[in-house]
Amino acid sequence: MKSCPLLLFLALFLVVACAPHSDEVVKVMDEQAEQLFIAADSLLEANDYGHAIEKYRQALKIFEQKGDTGSISDCYFQLSTAYHRIGDFNLSIEMAQKCLNLDSLTNNLENLSCSYNTLAALFLSAKDLMSAKKFINKAIELEQQTEDQSNMSGRYGLASEIYTKDHHPETGLKYAQKAYQLDSLRKDTANMGKRLSQIGDAYAALKKFKEAEKSYMLAANMLERTKIINSVCINYKQLGNLYDTMGMKAKAVEFYEKSMEVAREYNLNYLLESDLTRLTALYGETDPYKGYKFAKEALALKDSIYNEKIQVATQEFSARYDLVTKENKITEQENRIKTQKAWLIALCFFFVLVLSSLYYFFRLRFVKREKQLLNVKYYHALTHDFNNDHTDGNADIAISDDAISTTEADRQFILKVDEIIERNLDDSSLSSVKISQEVCLGQRQLNRKMKAITGSDTGTYIRDKRIVKAKKLLKTTEKSIGEIQTACGFDSPSYFSKVFRDVEGISPSEYRKKV
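Cut-offs and rules
- Residue positions within a chain follow its written sequence, with the count starting from 1.
- It should be noted that, the model being predicted, local features are given only for residues of pLDDT at least 70 and side-chain atom pairs only at 80 or more, the latter also being counted only at that level, while totals for whole chains, interfaces and linings use all residues.
- Hydrogens and water molecules were not included; the side-chain quantities draw on all heavy atoms of the structure.
- Summary of the metric used: pLDDT quantifies the predictor's per-residue confidence within the range 0 to 100.
- Note on definitions: a residue-residue contact is assigned when non-hydrogen atoms from the two residues lie within 4.5 Å.
- Centres within 6.5 Å make a pair out of two Phe, Tyr or Trp rings, where for Trp the six-membered ring is used; the pair is then stacked when the planes are under 30 degrees apart, edge-to-face when over 60, and tilted otherwise.
- Whether a charge sits over a ring depends on NZ of Lys or CZ of Arg being within 6 Å of the ring centre and within 35 degrees of the ring normal.
- A run of H or I in DSSP counts as a helix once it spans at least four residues, and a run of E counts as a strand once it spans at least two, with each numbered from the N terminus.
- Multiplying 1.5 Å by the helix residue count minus one yields the expected span of that helix.
- Buried residues are those whose accessible area, probed at 1.4 Å on protein chains only, stays under 20% of the maximum for their type, while exposed residues exceed 50% and partly exposed ones sit between those limits.
- Comment: arc refers to directions from the helix axis out to C-beta atoms.
- Here the term patch refers to residues with relative accessible area over 30% and no salt bridge, with like charges joined within 9 Å and nonpolar side chains (Val, Leu, Ile, Met, Phe, Trp, Tyr) within 5 Å.
- Per-residue accessibility takes into account occlusion by the displayed protein chains alone, with areas from the Shrake-Rupley method and a 1.4 Å probe.
- One speaks of a salt bridge when a side-chain nitrogen belonging to Lys or Arg is within 4 Å of a carboxyl oxygen belonging to Asp or Glu.
- Only the contacting stretch of a helix is used when fitting its axis, a line to C-alpha atoms as for every element, and angles between N-to-C directions run 0 to 180 degrees.
- Oblique is the label for every angle not falling under 35 degrees (roughly parallel), over 145 degrees (roughly antiparallel), or within 65 to 115 degrees (roughly perpendicular).
- A crossing counts as left-handed when the near helix is turned anticlockwise from the far one by less than a right angle, and as right-handed when that turn is clockwise.

1. Re the confidence of the model for the chain
Turning to step 1, where the next piece is worked out: Across the chain, pLDDT averages 81, with 81% of residues at or above 70.
Turning to step 2, where the next piece is worked out: Counting interchain partners and residues more than four positions distant, the pLDDT-below-50 stretch residues 306–311 has six contacts.
Turning to step 3, where the next piece is worked out: pLDDT under 50 marks residues 375–405. Its contacts with residues more than four places away, or in other chains, come to 16 contacts.

Structure below.
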């Protein structure tokens, strides 16, 4: 009597088992996109721009299918950087503007400020100073509205370069000095070197050559210690420009050659080509043979940079073609699988129908004379047996919800971030900038990783850590509210009270009374 409900249960189980597992498909897509994005970041750091662009494009395609706005914005941001590195300003600006449009939808002030800052840098490189000023002023305005303003020194630094280039060196000098003060408070040696270099640019534009030389030399010492190669190379070139302007040709040649050596060693072709061009002009009169040699190398380098752009474009179109081909194959396979599942389900139902028909045929043949009574008993038994079978079946196949787990690498990463926060918890200037530098990640990439692992961005995570420490001190010590505020890295009692109330719903003093 249990045969019929068991067969029905078997059919139901097959239907569920054969249905497409959308959650698994989404999970696979997530993992694939993340792997592509991480691989692209590594290629970008290794100066392999063509392959980096290819990987970012593939990741972007998957994120667009999912409708993941934040990840799409990150892809556009990184693509803008990659195109900028190969000198394709048109595509770089296009990607940056798409990133800005998406960030505008989310109204994330930090990301918006970053996007405007990127556009300002791109238009500076393209020598469109009017647009560059418009975008950097907007970036500064938005950064002032954020809570920690941790990126303000970078905004001021770029503003200094733009205004100095636009023949307003007095304004450029003020911005560079503001940026230097902010970096000094954080003891950020690398950025302090960059700011001194920007101060030197402003002094040079003001014809204050001694002050410019002093700033450049201090910048060189700091940048050489931090080993930021790109900035070191630019700093040597700036010294070469300064000495050339002052008529000190020998010193100019010395620093141009230093810049050339660094650029050649680290494949900074766009800087190397500029150094070779300057050395060609300087050696043109004193050593024509050497000048000709540098001119020939500069010309060959220009051709190679152009060829690199062509190669990147070719690789990009090839990657798009491969991606479309793969998508078509995947679609065909999915359709084939769906057809097979449909046939399997149909066969299962047909099989169940045949067995059910046979069952009822033989049963009715033997119980015809007691039909009415047996029908009543049968339905009672059927109901009872189906309930038992259904319960037992669920017990056998019941599984718990998948728990979100982190990899060992993620756990180690969070432990490192926690150690940095714990070590600097009493420092009110602690921000995502400092953490990103210590874990060797870009700020956007750090926020993205923290969001994926903890569900919170870096700034919110730091804030929560401060509040947890404050609650512990309020509960277990007799320290005053002011002492606890300082120990947890809050600038003022009023700000501490505001943040604590936002998180806990009551003030620190009320919390202490409560516990």
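Here the narrative resumes.
2. Topic: the packing of aromatic side chains
Turning to step 1, where the next piece is worked out: This model, assessed by the stated rule, comprises twelve aromatic pairs.
Turning to step 2, where the next piece is worked out: One aromatic cluster is present, built from ring pairs that chain together Phe490, Tyr495, Phe496, Phe500 and Tyr511.
Turning to step 3, where the next piece is worked out: A cation over an aromatic ring shows up here: lysine 134 above the ring of phenylalanine 135, its NZ or CZ 4.9 Å from the ring centre.
Turning to step 4, where the next piece is worked out: For lysine 178, the ring lying beneath its charged end belongs to tyrosine 156, and the centroid distance is 5.4 Å.

3. Here we look at helix H9 (residues 169–185)
Residues three or four positions apart in an α-helix share a direction because the helix packs 3.6 residues into each turn.
Turning to step 1, where the next piece is worked out: Taking 1.5 Å of rise per residue, the 17 residues of H9 would be expected to cover 24 Å, and the 24 Å separating its terminal C-alpha atoms lies within 8% of that figure.
Turning to step 2, where the next piece is worked out: Listed in full, the buried residues belonging to H9 are Pro169, Gly172, Leu173, Tyr175, Ala176, Ala179 and Asp183. End-on view of H9: buried residues confined to an arc of 165°, all on one side of the axis. When the buried face of H9 is taken as reference, the exposed residues oriented beyond 90 degrees from it are Lys174, Gln181 and Leu185.
Turning to step 3, where the next piece is worked out: In this structure, the buried residues of H9 make contact with helix H7 (129–143), helix H8 (152–165) and helix H10 (189–205).

4. Details of a nonpolar patch on the surface
Turning to step 1, where the next piece is worked out: A contiguous nonpolar surface patch, about 660 Å² in accessible area, is contributed by Phe350, Val354, Leu358, Phe361, Phe362 and Phe366.
Turning to step 2, where the next piece is worked out: In this structure, leucine 358 sits in helix H15 (residues 288–366).
Turning to step 3, where the next piece is worked out: According to the relative accessible area criterion, leucine 358 is partly exposed, its value standing at 42%.

5. Observations concerning the packing of helix H4 (residues 69–85) against helix H6 (residues 109–125)
Turning to step 1, where the next piece is worked out: Between H4 and H6, the least distance of the axes is 12 Å, while the angle of their chain directions is 15°. As summarised for this structure, H4 and H6 are arranged roughly parallel, according to the angle between their axes. Read as a crossing pair, H4 and H6 show a hand that is left-handed. Here Phe77, Ser80 and His84 of H4 lie close against H6, whose contacting residues are Cys114, Thr118, Leu122 and Ser125.

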